[in-house]
Amino acid sequence: MKITNQQLREIPDFTNVPDDQLHWLLEKSHCQNYKVGEFIFQKGDPIDQLLIIITGEVQIKIEQNGQYKLVGQISKNSIAGLLPFSRASSALGYGEVVEDTEILALEKSFFREMIAEHYELTEGLVHNMTSRVREFTKSNVQAEKMMALGKLSAGLAHELNNPASAMLRSAKGLKDHLSNVPEKFKRIISIRASKEEVDTINHVLFDKISNRPENKMTLIERNEKEDELEEWLENHGVNNAYELTETLLDFCMGIPAMEEIHDATGDQNFPHAIEWIENVLATEKMVDEIEEASDRISNLVQSIKSYTHMDRAPEKTTTDIHIGIKSTLTMLTHKLKQKNISVEKDFQENLPKPKIFVSEINQVWTNIIDNAIDAMEQSGILTIKTAQDRNFVKIDITDNGEGIPNEDIHHIFDPFFTTKSIGKGTGMGLEVVQRIINQHHGDIKVTSEKGKTTFTICLPIN
């Protein structure tokens, strides 16, 4: 079937192209027909023709570790292949025909004539190229962000679950604990104690609460202390001593403290007094646990806010990059714990603050640190160093993993290049990183050998 000017005019980018230019395009082009299952191009093929899809449909796929992933499709009235002023040289993926397809192809050798003599046609094709680049960048940056968000969400769910569960557990324990207070209060109110005796008990009790010492006992030492304290309490008339020893020792109230209280209260009042003291300490302990869990949740939320920069306008701001790095490490705590990876931070004090897009730079830290974690085995070491280098802020992120093979290191910033299986990475992470660094007029380099891979990022201070 002969292709006409009217058919070409159905293509949105050719709407305003004069007939004589469309006629030139038809005259210089040739038709290519493909059956279902054939490829219009394969990975590595030279990109040297403008392709206009007249009929049919083609799926665009990329290969990752022997698997094929669908990344797009081109159908009737679509433009593909080489475009004027494009620097593409070879195909990154595969174009598989899924519906019998007819293509109008213009060889690259005619581009110079087209650009010189057919302005509107060239303008339409350049407009198509800029739209293609814009959509490609938008969709793949979004895909990479969603991939990163999925990783962070899994870690955050785990990190938030721990303090939330601790709060719930402590709140239920506190409720049960307080239900027993009336009976204990009856026994304590029956004590007839002098002002001096009450002052002694208060001094010992609230000194331990206000100046709670750090408990550094080993498990064996703790068990021995519990047995000794339990025996001592039983010998001094305390019937439920085994229930009290854990809380008392949490506040480092051992036998010396018990002797001081016993001397102040006497044999008769001591069991009730020590029961009341344990009650106050247990309440304090559970409130402390709830407070600590609340602080952890608050710190995580603050880290999320800092990481996403959700409370700021999307513009460059003068920023301490250490805040973003620390927030990113918080976001990735779960993955670090899973592999028992230790983090060594060598941050320069009073480091100059560069002017950056904060959320974009945080995405740089996420991609590089997450890749470093994946590259390391159990008990790895992640080292992050910052320093001023003339008019730049220099950040080195180093892992002691297996390293990047020599044949791959020159391709790691290429779009779609990844050593991860499908579903584990889009192959756009480091390409996005490089684009963000370029956007900031900075520089990123990588060096790698077995046991040491370092990404070096330089950001201009001014």
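Structural notes, computed from the coordinates. Position numbers for residues start from 1 in each chain and track the written sequence from start to end. With pLDDT at 70 or above as the cut-off, local features in this predicted model cover only qualifying residues; side-chain atom pairs require 80 or more to be listed or tallied, and sums for whole chains, interfaces and linings still use all residues. Side-chain measures were taken over the full set of non-hydrogen atoms in the model, leaving aside hydrogen atoms and water.

Focus on the packing of helix α10 (residues 321-331) against helix α12 (residues 358-375)
Only the contacting stretch of a helix is used when fitting its axis, a line to C-alpha atoms as for every element, and angles between N-to-C directions run 0 to 180 degrees. Helix and strand assignments come from DSSP, with helices taken as H or I runs of at least 4 residues and strands as E runs of at least 2, each series counted from the N terminus. At a minimum axis separation of 9 Å, α10 and α12 run at an interaxial angle of 45°. Relative to α12, the element α10 lies oblique. Judged by the sense of rotation from one axis to the other, the crossing of α10 with α12 is right-handed. Contact residues: Ile-321, Gly-324, Ile-325, Thr-328 and Leu-329 in α10; Asn-362, Trp-365, Thr-366 and Ile-369 in α12. Amino acids are sorted into nonpolar (Ala, Val, Leu, Ile, Met, Phe, Trp, Tyr, Cys and Pro), charged (Asp, Glu, Lys and Arg) and polar (every other residue, Gly among them). The class makeup of the residues in the contact of α10 with α12 is 5 nonpolar, 4 polar and no charged. When describing relative orientation, an angle under 35 degrees is termed roughly parallel and one over 145 degrees roughly antiparallel, while 65 to 115 degrees is termed roughly perpendicular and anything else oblique. Less than a right angle of anticlockwise turn of the near helix away from the far helix marks a crossing as left-handed, whereas a clockwise turn marks it as right-handed. Should any heavy atoms of two residues lie within 4.5 Å, those residues are considered in contact.

Let's talk about the pairing of strand β11 (residues 392-399)
The buried fraction of β11 amounts to 6 of the 8 residues, a majority that puts the element mostly inside the structure. Two strands qualify as a pair provided that DSSP identifies no fewer than 2 bridges between them. Of the pairings in the sheet, the one linking strand β10 (residues 381-389) to β11 comprises 8 bridges and is antiparallel in character. In the sheet register, Gln-388 faces β11, and the bridge partner there is Val-393. Counting the residues in the hairpin turn of β10 and β11 gives 2 residues, including Arg-390, whose phi is positive at 55°. Note on exposure labels: buried denotes an accessible area under 20% of the residue type's maximum, exposed denotes more than 50%, and partly exposed covers the range between, all computed with a 1.4 Å probe on protein chains only.

Notes on the side chain of Thr-122
Structurally, Thr-122 can be placed in helix α4 (residues 119-179). Exposure remark for Thr-122: the relative accessible area of 6% places this residue in the buried category.

Focus: the pattern of salt bridges
Where charged atoms from two side chains of opposite charge come close, those side chains can pair. Whenever a carboxyl oxygen of Asp or Glu lies within 4 Å of a side-chain nitrogen of Lys or Arg, that contact is scored as a salt bridge. In total, this model carries 12 salt bridges according to the counting rule given. Note that Asp-374 and Lys-335 form a salt bridge whose closest N and O atoms lie 2.8 Å from each other. Highlighted residues: Asp-374 in helix α12 and Lys-335 in helix α11 (residues 333-338), separated in sequence by 39 residues. Here Asp-374 falls in the partly exposed class, since its relative accessible area comes to 34%. Several salt bridges converge on common partners, so that one network encompasses Arg-222, Glu-226, Glu-246, Asp-250 and Lys-285.

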